[in-house]
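Residues per chain, in single letters:
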Amino acid sequence: GCKKADEDSSSTNTELEGTWVVSCAASGSVYLKKTMIISGTDLTEKYEFFSDSSCTTAKYMWETSHTSLTIGAAMVFSSYGTSGGNGHQFTTKLNTNKYTPQIASEVSSDNTDSWCGLSNWELNVGQDVAGKTCGSNTYWSTGITVYGLYILDGSKFMPRFDKDSYPSSVSSADSNTFIKQ
């Protein structure tokens with residue numbers, strides 16, 4: 001059905017409530033499972049990396065938590081699908097960005113390389129690296145406003161995040177299509 005653009009954000013948050021998953025997919029030399037959990041105004045992204053195509057041998061995990069999820073302007077994506085797609089702009093506040101090595105060889109190389117400027121990595125112990133530089137990436141800092149855009153198509157959720165402004169488009173590739181669980 002159609003929704004009015006002036007509907008209050010609490011009912012829109014409700015449409016996103018739940019657990020959304022992108023199952024095991026190749027990501028460079030590793031395999032990635034993405035999970036997004038939305039509960040009220042909390043949003044958690046979990047990116048789990050595996051060394052095998054069945055996503056059973058864990059290598060490392062990133063878990064990013066956001067607070068203050070606020071749904072903004074309604075958007076229509078005329079280029080999405082045959083009927084177009086609906087969605088919204090949104091904002092969150094970045095809370096933590098935790099990296100966890102999950103296999104001994106990762107712990108060893110992370111400590112040798114002082115990954116994220118740290119050399120006290122332990123197996124299955126996550127550390128918050130928000131604002132730190134890890135390899136060639138500098139991660140977003142705690143407390144910043146994160147700008148987002150999403151398409152919602154029934155049980156499919158396609159989000160995109162940016163730290164500077166609302167994204168102008170969203171990928172509907174399988175690797176960015178979260179399925180409601």
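Summary of the structure given here. As the structure is a prediction and not an experimental result, all values here were calculated from the model.

Thresholds applied
The residue count restarts for each chain, going from 1 along the sequence in the order it is written. With pLDDT at 70 or above as the cut-off, local features in this predicted model cover only qualifying residues; side-chain atom pairs require 80 or more to be listed or tallied, and sums for whole chains, interfaces and linings still use all residues. Side-chain calculation: all heavy atoms of the structure are included, whereas hydrogens and water are not. Whenever a carboxyl oxygen of Asp or Glu lies within 4 Å of a side-chain nitrogen of Lys or Arg, that contact is scored as a salt bridge. Under the scheme used here, helices are H or I runs from DSSP no shorter than 4 residues and strands are E runs no shorter than 2 residues, and both carry numbers assigned from the N terminus. For each residue, the accessible area found with a 1.4 Å probe, counting protein chains only, is set against the maximum for its type, and the residue is called buried under 20%, exposed over 50%, and partly exposed in between. We call two strands paired when DSSP finds no fewer than two bridges between them.

**As for the pattern of salt bridges**
- Enumeration over the complete set of coordinates arrives at 2 salt bridges.
- Lys59 serves as the salt-bridge partner of Glu106, at 3.3 Å between the closest nitrogen and oxygen. Of the two residues, Glu106 sits in helix α2 (residues 104-112) while Lys59 sits in strand β4 (residues 58-77), which places them 47 residues apart along the sequence. For the pair Glu106 and Lys59, a shared accessibility class is recorded, and that class is buried.
- For the salt bridge of Lys163 with Asp164, the shortest nitrogen-to-oxygen distance reads 3.4 Å.

**Re the pairing of strand β3 (residues 42-50)**
- Note: strand β2 (residues 30-39) against β3, 9 bridges, orientation antiparallel. Bridge pairing in β3 links Ile38 to Leu43.
- The antiparallel pairing of β2 with β3 creates a hairpin that spans 2 residues between the two strands, and Gly40 there sits at a positive phi of about 60 degrees.

Everything listed here is a matter of geometry and, on its own, says nothing about what the molecule does.
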